[in-house]
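# Understanding the architecture of this molecule
Below are the chains, spelled out letter by letter.
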Amino acid sequence: MSTRWIFTVAEMIAFATEVRSKAKPLALVPTMGALHEGHLSLVRQAKIQCDAVVVSIFVNPTQFGPTEDFARYPRNPEKDFELLETSKVQAVFAPPVEEVFPAGFSTFVDPGHIATVWEGAQRPGHFRGVATVVLRLFNIVRADIAFFGQKDFQQMIIIRRLVEDLNLPVRIVVCPIVREADGLARSSRNVFLSAEDRKAAALLSRSLKRAEAMAQAGEADAEKILEEMRKTFAAEPRLKLDYAAVVNPATLEPVTHALPGSVALVAARLGRVRLIDNTIFGPPGLSPEMKLQLALTTPAPDKESGPTPRPEIDSLRVKIENCRDCAAVASIALPPHEFLFKYLKRDYPTLESIRVLVIGGCAPIRPAGSPYCHPEEPNRFSTRLYELLGVGNFAEFKARFALTDAARCHAVGNRVDERTLEYCAKHLREELKLLPNLQSIVILGEYAYWQFQRHILGRERATIRPFAELLKSEGWAHETVRLACFGERDLRVFYCYYPTFENKKSPSLARHLSEKP
Ligand code: AMP
């Protein structure tokens, strides 16, 4: 497949319509070109999550002020073409200005107050231009998922708001910031920096690192953190700080107490080059994706009582408010409703061979931990699972079994809440419909048990026996059930301990799973 280069709106609409009828989901990665590793990380993520990817390259004049660098913004079409062809994206949409803003164009999107602070205050009208062009691109490409970078934190929040407020049928996925070895966030404008500038520019990320370290060490006073950040900048007179702030990610309002999930924003000028950067505060060791999850699920502060500091442990148990947030972060390599489906398409020549569906706990934080990702390298989970099912390896496993999960949020940690289980049960029901010859279901652990009882079998809470009690005597339990999607057919359900659960282990199910129900 060669990458298709598209320069007109009409051709893009026609191409996207054709692609959408065959490939779903369709991704859009909007960029202004002069591509670098940051952009390419979005493209890679889009390729993982979607069947087809459209990258747009458009230096949008409406987001540049009259004294800004529109004319000298870096443009490098030859190299962009090369990079995107190597990335094997389906199409690149690179329209000239008159295609996107033809004569007579007069409708603009006003994103409201959040577009007037920080970057919006420094660059009046900037986000009006961004929101307008992004909406236009969404309507032209009509992608299912659009990918944005955390690098432009305020822009990403504004786009999420735009999608929410105008009910746009697109899901926004956010990818973490890609940095140079010295910490400098990758940016198209970095090409303007001399070697000496580069040293000074690294202060942005250094100040953010320092701020996060303070927060991690227990400093909750945002003003003290900001003081320290300003000190870092004072040491380099060539760097002119436009702003440094610690904000609530939902409202972008400054916070007085820095909490896990709060975001530090900085913007500075180095000669004619403007640089922006940010970091999300989180407990030490949290991955960038988990931090994004933390920020994107942080509620707006309660105006009445003001922000109340939460203990760190609470924020670790990130509340999954809804699937939009859950799927908003790039590390969810397999979005909820495509979770099992993605594997099925790749690993199973025919779904008719699947006799047993195993339902595990949470989707692995790193999908690499799943037996589907590294079938040749069994881990503790897969080894114990194979033992339970009576198979020797992945090839034997996939001859009859498929594995899915009760919850697909990567951030549910040790506590999966009821809402998550209820929400994810929707996807599980869809998956069950894909397996026409299913005979048995193996439920691993308590969350999957609870979800199955409550949201697949629809049983009342009070009638469900506690999991520990159910498994107490034999280490497993089973029952025969009927599900609407299988009509009058009986289905056997086996309840077992999660394969890596403490020191409790269920006996092998091999004998029972080879019998017909
Ligand atoms: P731009 O071409 O600068 O408009 O950026 C296009 C997209 O790439 C935006 O969603 C940016 O946030 C994202 N992006 C730019 N730089 C980076 C980076 N260093 N890491 C991750 N994403 C980035």
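The notes below deal with the structure included here.

## Things to note about the pattern of salt bridges
Under the definition given, this model contains 24 salt bridges. Where Glu228 meets Arg210, a salt bridge forms, and the shortest distance between an N and an O atom there is 3.3 Å. Note that Glu228 is positioned in helix H9 (residues 222-234) and Arg210 in helix H8 (residues 195-216), a separation of 18 residues in sequence. Across the pair Asp242 and Arg269 runs a salt bridge whose closest N-O atoms are separated by 2.8 Å. On the criterion of sequence distance, the pair formed by Asp242 in strand E7 (residues 239-247) and Arg269 in strand E8 (residues 263-270) is long-range, its members being 27 residues apart.

## Thoughts on H9
At 3.6 residues per turn, the α-helix brings residues three or four places apart onto the same side. Counted at 1.5 Å a residue, the expected span for H9 with its 13 residues is 18 Å, and the 18 Å between its end C-alpha atoms agrees. Ala222, Ile225, Leu226, Met229, Thr232 and Phe233 are the residues of H9 that are buried. Each buried residue of H9 lies within a common arc of 110° when the element is viewed along its axis, so the set occupies one face. Residues Lys231 and Ala234 are exposed on H9 and point more than 90 degrees away from its buried face. Where H9 is buried, its residues meet H8, E7 and E8. With a side-chain oxygen positioned 2.9 Å from the backbone nitrogen of Glu223, the residue opening H9 is Asp221.

## Describing the packing of aromatic side chains
All told, the structure shown has 20 aromatic pairs when counted by the stated rule. Ring centres 6.4 Å apart and planes at 80° place the aromatic pair Phe138 and Phe148 in the edge-to-face group. Taken together, the residues Phe138 in helix H6 (residues 126-141) and Phe148 in strand E5 (residues 145-149) connect sequence positions 10 residues apart. The exposure classification of Phe138 matches that of Phe148, with both residues buried. Between Tyr372 and Phe394, the aromatic rings sit 5.6 Å apart at their centres with planes inclined by 85°, giving edge-to-face as the arrangement. On the criterion of sequence distance, the pair formed by Tyr372 in the loop between strand E10 (356-362) and helix H14 (380-389) and Phe394 in helix H15 (residues 394-400) is long-range, its members being 22 residues apart. We classify Tyr372 as buried; its relative accessible area is 2%. A relative accessible area of 7% means that Phe394 is categorised as buried. Counting every residue linked through ring pairs, the aromatic cluster contains Tyr348, Tyr372, Tyr386, Phe394, Phe397 and Phe401. Lying across the ring of Phe70, Arg75 places its NZ or CZ 5.0 Å from the centre. Over the ring of Phe108 we find Arg128, and its NZ or CZ is 4.1 Å from the ring centre.

## Describing the sheet that holds strand E4 (residues 91-93)
The strand order across the open sheet formed by 6 strands is E1-E4-E3-E2-E5-E6, and the pairing between neighbours is parallel. What marks the edges here is a single partner per strand, and that holds for strand E1 (4-6) and strand E6 (171-175). Pairwise comparison of adjacent strand axes, ignoring direction, gives a mean angle of 25° for this sheet. Here 2 bridges tie strand E2 (residues 26-31) to E5, and the two strands are oriented parallel to one another. Residue pairing for E5: Ala27 is matched across the bridge by Ile145. Contacts between helix H7 (residues 153-165) and the sheet are confined to E5 and E6, with E6 contributing the most and set at about 165° to the helix.

## Details of the site of the ligand
In the vicinity of the ligand there are 17 residues, among which Met32, His39, Asp152, Val178 and Arg186 approach most closely. A distance of 2.9 Å separates an oxygen atom of the ligand from a polar atom in the backbone of Met32. Here Asp152 contributes a side-chain N or O atom positioned 2.6 Å from an oxygen atom of the ligand. In the complex, the protein chains occlude 93% of the 480 Å² of accessible area that the ligand would expose alone. Secondary-structure elements contributing two or more residues to the shell around the ligand are E2, helix H2 (37-49) and E5. Ranked by residues supplied to the shell around the ligand, first place goes to H2 with 3 residues. For the shell around the ligand, the per-class residue count stands at 8 nonpolar, 6 polar and 3 charged.

Cut-offs used in this document
- Residues numbered from 1 in each chain as written.
- Predicted model: local features only at pLDDT ≥ 70, side-chain atom pairs only at ≥ 80, totals over all residues.
- Heavy atoms only, no water.
- Salt bridge = Lys/Arg side-chain N within 4 Å of Asp/Glu carboxyl O.
- Helix = DSSP H or I, 4+ residues; strand = E, 2+ residues; numbered from the N terminus.
- Expected span 1.5 Å × (residues − 1).
- Buried < 20%, exposed > 50% of the residue type's maximum accessible area, 1.4 Å probe, protein only.
- Arc of directions from axis to C-beta.
- Contact = heavy atoms within 4.5 Å.
- Polar contact = N/O pair within 3.5 Å; in protein donor to acceptor, adjacent residues only side chain to side chain.
- Phe/Tyr/Trp six-rings, centres within 6.5 Å; stacked < 30°, edge-to-face > 60°.
- Lys NZ or Arg CZ within 6 Å of the ring centre and 35° of its normal.
- Pairing = 2+ DSSP bridges.
- Axes fitted to C-alpha atoms, helices over the stretch in contact; angles between N-to-C directions.
- Near = heavy atom within 4 Å.
- Areas by Shrake-Rupley, 256 points an atom, 1.4 Å probe, with all protein chains shown as cover.
- Nonpolar A, V, L, I, M, F, W, Y, C, P; charged D, E, K, R; others polar.

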